[in-house]
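# Structure assessment
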Amino acid sequence: MAIGFWMNNKNCYGCKTCSIACKSEKQLDKGVLLRHVTAIRQDDPRAFAYLSMACNHCEEPACMANCPVGAYSKLEDGTVIQDHSVCIGCKTCISACPYGAPSYDEATSTTFKCDCCYDRRQRGELPACVVACPGANLALDDMESLQSTYTADIVSDENSGTKPNFVITVDAALAEEPDDTVVENRTA
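A short tour of the structure in this document, coming up. (Residues numbered from 1 in each chain as written. Predicted model: local features only at pLDDT ≥ 70, side-chain atom pairs only at ≥ 80, totals over all residues. Heavy atoms only, no water.)

Our next topic: the overall build of the chain. Of regular secondary structure, the chain possesses six helices and ten strands. Taken over 188 residues, the chain has a buried fraction of 51%. Expressed as a percentage of contacts within the chain between residues at least 6 apart in sequence, the contacts between residues at least 24 apart total 59%. (Helix = DSSP H or I, 4+ residues; strand = E, 2+ residues; numbered from the N terminus. Buried < 20%, exposed > 50% of the residue type's maximum accessible area, 1.4 Å probe, protein only. Contact = heavy atoms within 4.5 Å.)

What follows is the structure, given as structure tokens:
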């Protein structure tokens, strides 16, 4: 099974509520974000959009393959989780991830990454980012369901080498597909 996020780039207006809800839910320190909202600008003034991305819970996660202490594991549903008690803060996972999903916390000298709010899902709740989005532009489900439920303009990224799990509905005003590998400046 592969779990992934759907993101509606067409209707997202960049409020960053998803990012803040995640930060609040996880009680993350200053500068630590697990969901990033990136502005996409193109030459056409109507082609201004946003892309909200977190960990893509890859089929072949580079963070897990490269962690020298084995702090990462993959659950049966495809969720890639991290054991913070094992993390030594070496940042290898950050440099290995083609999406820059793990985030370093200076205060604890460890890294954090999205776990799709695993604890919330165990209680039957949706991830904080999904619940908080005022435009209902995010969803979490198995990839097959996401692709059959939503307009899947972009599905995964075969060129990354990690086989990420995401589905994006793209704003038709964009002249080209958004670059989902963009890592925004992570100052908070």
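Let us look at the sheet that holds strand β8 (residues 138–142). In spatial order, the strands read β8-β1-β10-β9; together these four strands make up an open sheet with mixed pairing. The open sheet terminates on both sides in strands that have one partner only, identified here as β8 and β9 (154–155). Of the pairings in the sheet, the one linking strand β1 (residues 3–8) to β8 comprises five bridges and is antiparallel in character. Paired with M7 across the bridge in β8 is L138. (Pairing = 2+ DSSP bridges.)

The phi torsion at K91 lies on the positive side, around 70°, for a residue other than glycine. The topology assignment puts K91 in the loop between β5 (80–82) and α3 (92–96). Even without a glycine there, the phi angle at S109 is positive, about 55°. Structurally, S109 can be placed in the loop between β6 (103–105) and β7 (110–112).

Time to look at the environment of T151. With respect to the element layout, T151 can be found in the loop between α6 (143–149) and β9. With a relative accessible area of 49%, T151 lands in the partly exposed category. Between the C-alpha atoms of T151 and T169, which are 18 residues apart in sequence, the distance is 5.5 Å. If we ignore the near neighbours within four places in the chain, the residues touching T151 are W6, V167, I168 and T169.

Here we take up the nonpolar core. Within the largest apolar cluster, 30 residues are counted, with the highest numbers of intra-cluster contacts made by F5, L34, C114 and I168. Residue assignment for this core shows that the elements contributing at least two residues are β1, α1 (17–26), β2 (36–41), β3 (48–53), α5 (128–132), β8 and β10 (166–169). Those residues within four positions of L34 in sequence are excluded, and the remaining contacts are C22, K26, L28, M53, A54, C55, S103, F112, K113 and C114. (Core = buried A, V, L, I, M, F, W, Y, C linked by side-chain atoms within 4.5 Å.)

This part covers the pairing of β10. In β10, alternate side chains face the same way, and those of F166 and I168 on one face and V167 and T169 on the other are all buried. Pairing between β1 and β10: four bridges, direction parallel. For M7, the partnering residue across the bridge sits in β10 and is I168. Note: β9 against β10, two bridges, orientation antiparallel. Paired with V155 across the bridge in β10 is V167.

Within the secondary structure layout, K113 lies in the loop between β7 and α4 (118–122). This buried residue, K113, is left without a salt bridge; D115 holds the nearest opposite charge, at 7.0 Å. Within the structure, K113 has its side chain in polar contact with the backbone oxygen of V80 (distance 2.5 Å). With sequence-adjacent residues up to four places away left out, K113 is seen in contact with L34, C55, H57, C63, Y72, V80, I81, Q82 and P102. (Lys, Arg positive; Asp, Glu negative; His and termini not counted. Salt bridge = Lys/Arg side-chain N within 4 Å of Asp/Glu carboxyl O. Polar contact = N/O pair within 3.5 Å; in protein donor to acceptor, adjacent residues only side chain to side chain.)

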